[in-house]
Amino acid sequence: MDDAEQIAALHADSWRRNYRGAYADSFLDGDVEADRRAVWSARLGGPANSETILAEQDARVVGFVHVGFDDDPRWGSLVDNLHVTHDLRRMGIGTQLLRRAARAVAGHGADNAMYLWVLRQNTAAQQFYRALGATAEGTAPVSPPGEDPARLHGAPLKLRMAWPDVTRLPLGDHQ
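None of the values given here were measured: they were computed from a predicted structure. (Residues numbered from 1 in each chain as written. Predicted model: local features only at pLDDT ≥ 70, side-chain atom pairs only at ≥ 80, totals over all residues. Heavy atoms only, no water.)

Draft legend 1. Fine view of the nonpolar core. Of all hydrophobic cores here, the largest spans 28 residues; its most connected members are Val 65, Val 79, Leu 97, Leu 98, Met 114, Tyr 129 and Trp 163. Looking at which element gives the most residues to this core, the answer is helix 4 (residues 93-108), with 7 residues. If near-sequence neighbours (up to four positions away) are discounted, Trp 163 is found in contact with Leu 98, Asn 112, Ala 113, Met 114, Tyr 115, Leu 116, Tyr 129, Leu 132, Gly 133, Ala 134 and Leu 169. By size, the runner-up hydrophobic cluster in this structure holds 12 residues, among which are Trp 15, Ala 24, Leu 119 and Leu 152. (Core = buried A, V, L, I, M, F, W, Y, C linked by side-chain atoms within 4.5 Å. Buried < 20%, exposed > 50% of the residue type's maximum accessible area, 1.4 Å probe, protein only. Helix = DSSP H or I, 4+ residues; strand = E, 2+ residues; numbered from the N terminus. Contact = heavy atoms within 4.5 Å.)

Draft legend 2. Spatial organisation of helix 1 (residues 3-18). Between the first and last C-alpha of helix 1 there are 22 Å, a value that for 16 residues agrees with the 22 Å anticipated at 1.5 Å per step. Where the residues of helix 1 are buried, they touch helix 2 (25-28), helix 3 (32-45), strand 1 (50-57), strand 2 (60-72) and strand 3 (76-84). The opening residue of helix 1 is Asp 2, an N-cap whose side-chain oxygen sits 3.3 Å from the backbone nitrogen of Ala 4. (Expected span 1.5 Å × (residues − 1). Polar contact = N/O pair within 3.5 Å; in protein donor to acceptor, adjacent residues only side chain to side chain.)

Draft legend 3. Highlighting the side chain of Asn 122. For Asn 122, the position within the fold is in the loop between strand 4 (114-119) and helix 5 (123-131). Look at Asn 122 and you get buried, because its relative accessible area is 18%. Polar side-chain contacts of Asn 122 include one of 3.2 Å to the backbone nitrogen of Ala 125.

Draft legend 4. Looking closely at the pattern of salt bridges. The tally for this structure, following the rule as stated, stands at 9 salt bridges. Residues Arg 20 and Asp 29 are paired through a salt bridge, measuring 2.6 Å at the closest nitrogen-oxygen approach. Of the charged contacts in the structure, one is a salt bridge between Asp 35 and Arg 151, with a shortest N-O distance of 3.0 Å. Taken together, the positions of Asp 35 in helix 3 and Arg 151 in the loop between strand 5 (135-141) and strand 6 (157-163) put the pair 116 residues apart, joining distant regions of the chain. Relative accessible area serves as the criterion here: at 15%, Asp 35 is assigned to the buried category. If you follow the salt bridges from partner to partner, you end up with Asp 35, Arg 36, Asp 148 and Arg 151 in one network. (Salt bridge = Lys/Arg side-chain N within 4 Å of Asp/Glu carboxyl O.)

Draft legend 5. Just the confidence of the model for the protein, in detail. With 95% of its residues at a pLDDT of 70 or more, the protein has an overall mean of 90. The spread of mean pLDDT over the elements of the protein runs between helix 3, the lowest at 89, and strand 6, the highest at 97. (pLDDT = per-residue confidence, 0-100.)

Draft legend 6. Seen up close, the sheet that holds strand 5. Strand order in the open sheet formed by 6 strands is 1-2-3-4-6-5, and the pairing between neighbours is mixed. The sheet is open, and its two edges are formed by strand 1 and strand 5, each paired on a single side. Taken pair by pair, the neighbouring strands of this sheet meet at an average axis angle of 25°, ignoring direction. When strand 3 meets strand 4, the two strands line up parallel, connected through 3 bridges. By the bridge assignment, Ser 77 is partnered in strand 4 with Met 114. Here helix 5 sits on the sheet and contacts strand 3, strand 4, strand 5 and strand 6; the angle it forms with strand 6, its principal contact strand, is near 10°. (Pairing = 2+ DSSP bridges. Axes fitted to C-alpha atoms, helices over the stretch in contact; angles between N-to-C directions.)

Following this line, the structure appears as structure tokens:
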């Protein structure tokens, strides 16, 4: 299994576990993995001002983070995805991935600002990001996967979590 397939499988599983209520059940219960495989194959295969960082254990992808550099003039580089295998959560993998993303932004971004979007309903993720120094900076409607509004359940909102200077992130080895 190549990286795109492993990332797609992890991404699909994470969505199925954490995005219920925001994404339509019919979408989540369908072939989300094929949808994600197409996205990740294109993303990893094409040139982009981005970096995807993997956490691996025994040749298996157990987490990943994807950063798009200089995505927004005000908010900086976008952490487009950060997911960890469900059974390995709370073991420091997410913190390590976010630390690596911050280093990548400091090394490649035009400035040291970084942000991400999290579902408003995902309070556990919000607590995780706040513990790592992020502040909530407004909400916006969730963009439907594949630009298909039928893939959403209602009109969910996402919350911007931001770090104005990644060199000041409190990313120690705890968490």
